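Chain and residue survey
Chain by chain, the residues run as shown.
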Amino acid sequence: MTQRDPQRDKVDGVDGSRAVEDSDDAEPKKERVLHTRVPAVLERELKRFADNLRVPVSNLVRTILEDALNVADAATENVESRLRNAAKQLEHERERLKARVKFDPLKDVFAFQSVTLAQDATCAKCERDLAAGSRANLGLTDEPTNGKKKPRIFVCDECLPGAR
Ligand SMILES: [Zn+2]
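1. What to know about the coordination of the zinc ion
The zinc ion binds to the protein through Cys123 (SG), Cys126 (SG), Cys156 (SG) and Cys159 (SG), with metal-donor distances spanning 2.3 Å. Taken together, the four donor atoms surrounding the zinc ion define angles of 103 to 118° at the centre, an arrangement classified as tetrahedral. When the donor residues of the zinc ion are listed from N- to C-terminus, their spacing reads C-x2-C-x29-C-x2-C. With a gap of 36 residues between them, Cys123 in the loop between strand 2 (121-122) and strand 3 (129-130) and Cys159 in the segment after strand 5 (153-155) connect regions that are remote in the sequence. Of the two residues, Cys123 and Cys159, neither departs from the other in class, the shared state being buried.

Structure follows, in structure tokens:
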């Protein structure tokens, strides 16, 4: 007795071209994923800023969009131009956004150790470039209990607590 294989029937039915059925990953999602093209420069800037705030890029984009939606004229602008305008304001809004995510790079540091850098680094506070070979201060933190590695923290002399 031949059992009918519905998949097979379909293949035979339409001269070999399979009906597109297996790309059916209909998982229930709470939120929509929004795809948009962004210029490479903007992408770099967003990534840099997100790294700087130590938040995922998607969180940053969402925050910016939410902000933009609050002020933008909804009728005239598309998502990309909103994002671009928002990115233009990034430099000015840096401080405000930082405060919004309550970011303090030195929060967990219990001591600073003067070191000579073997690799280029960036001051965690003022973001100035610290070249390999120059003096900097390594922020010492406790081993994270959740097993996640934290990025190393360096600060320049001017950003040491009590400096100046
Ligand atoms: Zn600094």
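Moving on, there is more to tell.
2. Re helix 2 (residues 40-53)
Here helix 2 spans 20 Å end to end across 14 residues, near enough to the 20 Å set by a 1.5 Å rise per residue. Buried residues of helix 2: Leu42, Glu45, Leu46, Phe49, Ala50 and Leu53, and no others. Projected down its long axis, helix 2 shows its buried positions confined to an angular sector of 130°, all on one face. Residues of helix 2 that are exposed and point more than 90 degrees away from the buried face comprise Val41, Arg44 and Asp51. Once helix 2 ends, the next one or two residues include Arg54, with phi positive near 55°.

3. Side note on the sheet that holds strand 1 (residues 109-116)
Strand order in the open sheet formed by three strands is 1-4-5, and the pairing between neighbours is antiparallel. Edge positions in the open sheet fall to strand 1 and strand 5, since each of these has one partner strand only. Between one strand axis and the next, the sheet turns through 35° on average, direction left out of account. With three bridges joining them, strand 4 (residues 135-141) and strand 5 adopt antiparallel strand pairing. Looking at the pairing, Gly139 lines up with Ile153 of strand 5.

4. Remarks on the pattern of salt bridges
One pass over the full model with this rule turns up four salt bridges. Close ionic contact of Lys47 with Glu43 constitutes a salt bridge, the shortest N to O distance being 3.0 Å. Taken together, the positions of Lys47 and Glu43, both in helix 2 and four residues apart, correspond to about one turn of that helix. On the accessibility criterion, Glu43 (36% relative accessible area) is partly exposed. In this structure, the salt-bridge partner of Glu158 is Arg128, at a minimum N-O distance of 2.9 Å. One end of the pair, Glu158, is in the segment after strand 5; the other, Arg128, is in the loop between strand 2 and strand 3, with 30 residues separating them in the sequence.

5. Some remarks on unusual backbone geometry
Excluding glycine, a negative phi dihedral is what most residues carry, and trans is how most peptide bonds are arranged. One non-glycine residue, Glu127, lies in the positive phi region at around 65°. Note on placement: Glu127 falls in the loop between strand 2 and strand 3.

Each value, and the rule that gives it
- Residues numbered from 1 in each chain as written.
- Predicted model: local features only at pLDDT ≥ 70, side-chain atom pairs only at ≥ 80, totals over all residues.
- Heavy atoms only, no water.
- Donors = N, O, S within 2.8 Å, 3.2 Å for Na, K, Ca; no water.
- Tetrahedral: all angles 85-135°; square planar, octahedral: opposite > 155°, others 65-115°.
- Helix = DSSP H or I, 4+ residues; strand = E, 2+ residues; numbered from the N terminus.
- Buried < 20%, exposed > 50% of the residue type's maximum accessible area, 1.4 Å probe, protein only.
- Expected span 1.5 Å × (residues − 1).
- Arc of directions from axis to C-beta.
- Pairing = 2+ DSSP bridges.
- Axes fitted to C-alpha atoms, helices over the stretch in contact; angles between N-to-C directions.
- Salt bridge = Lys/Arg side-chain N within 4 Å of Asp/Glu carboxyl O.

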